[in-house]
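# Coordinates in review
Listed below are the residues making up each chain.
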Amino acid sequence: MNLSFSFLSKLALVNFPANKLKQKHKVYDYSQLVSGSDYVFERLNEGTIGYMTGIGRGIKPSDHIILREGYESYQYQVEEVDYYLDPSNMWIALLKQVPG
């Protein structure tokens, strides 16, 4: 019985496309939007983490968001995200800076 379970598990992996095993993150570019008007980003820990509030659907943990401060662009990974009830497309997320 254990052998058949192992065989079925391996068979499922063989038939499952490799790109489906690795979920890719989406990248959302907010660098052309206006901070304080289109979104709000509160920097913490010298900018390595922060909270962002924005509008849009589909933002999920592990997605990346590009923000601009002055002439510099920074890329952040979404660690956690919660959507508001009203409006339902507004969210707040904990972001962690990643090398861009």
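Below is a summary of the structure that appears in this document. As the structure is a prediction and not an experimental result, all values here were calculated from the model. (Residues numbered from 1 in each chain as written. Predicted model: local features only at pLDDT ≥ 70, side-chain atom pairs only at ≥ 80, totals over all residues. Heavy atoms only, no water.)

## Description of a nonpolar patch on the surface
- A cluster of nonpolar side chains, Tyr51, Tyr84 and Ile92, forms an exposed patch at the surface whose accessible area comes to about 250 Å².
- Locating Tyr84 in the fold gives a position in the loop between β5 (72–83) and β6 (90–98).
- Classification of Tyr84 by relative accessible area gives partly exposed; the value is 34%. (Patch = residues over 30% accessible without salt bridge, like charges linked within 9 Å, V, L, I, M, F, W, Y side chains within 5 Å. Areas by Shrake-Rupley, 256 points an atom, 1.4 Å probe, with all protein chains shown as cover. Salt bridge = Lys/Arg side-chain N within 4 Å of Asp/Glu carboxyl O. Helix = DSSP H or I, 4+ residues; strand = E, 2+ residues; numbered from the N terminus. Buried < 20%, exposed > 50% of the residue type's maximum accessible area, 1.4 Å probe, protein only.)

## With respect to the sheet that holds strand β3 (residues 49–55)
- Taken together, the 6 strands give an open sheet; going across it, the order is β1-β4-β5-β6-β3-β2, and neighbouring strands pair in mixed fashion. In the strand order of this sheet, the two ends are held by β1 (27–29) and β2 (40–44), each with one partner. On average, adjacent strands in this sheet sit at an angle of 30 degrees to one another, irrespective of strand direction. (Pairing = 2+ DSSP bridges. Axes fitted to C-alpha atoms, helices over the stretch in contact; angles between N-to-C directions.)

## Thoughts on the pairing of β5
- Bridge analysis of strand β4 (residues 64–69) against β5 gives 6 bridges, and the strand direction is antiparallel. Residue pairing across strands places His64 opposite Gln77, the latter belonging to β5.
- Where β4 folds back onto β5 in an antiparallel hairpin, the turn is made up of 2 residues, including Gly70, whose phi is positive at roughly 65 degrees.
- Two elements, β5 and β6, share 8 bridges in a ladder whose sense is antiparallel.

## Brief notes about the packing of aromatic side chains
- Tallied over the entire structure, the rule returns 3 aromatic pairs.
- Ring centres of Tyr30 and Trp91 lie 6.3 Å apart, and the angle between their planes is 90 degrees; this geometry places the pair in the edge-to-face category. Note that Tyr30 is positioned in the loop between β1 and β2 and Trp91 in strand β6, a separation of 61 residues in sequence. Each member of the pair, Tyr30 as well as Trp91, carries the same accessibility label: buried.
- Relative to Tyr76, the ring of Phe41 has its centre 5.0 Å away and its plane inclined at 55 degrees; by these criteria the two rings are tilted. One end of the pair, Phe41, is in strand β2; the other, Tyr76, is in strand β5, and 35 residues separate them in sequence. Each member of the pair, Phe41 as well as Tyr76, carries the same accessibility label: buried.
- Counting every residue linked through ring pairs, the aromatic cluster contains Tyr30, Tyr39 and Trp91. (Phe/Tyr/Trp six-rings, centres within 6.5 Å; stacked < 30°, edge-to-face > 60°.)

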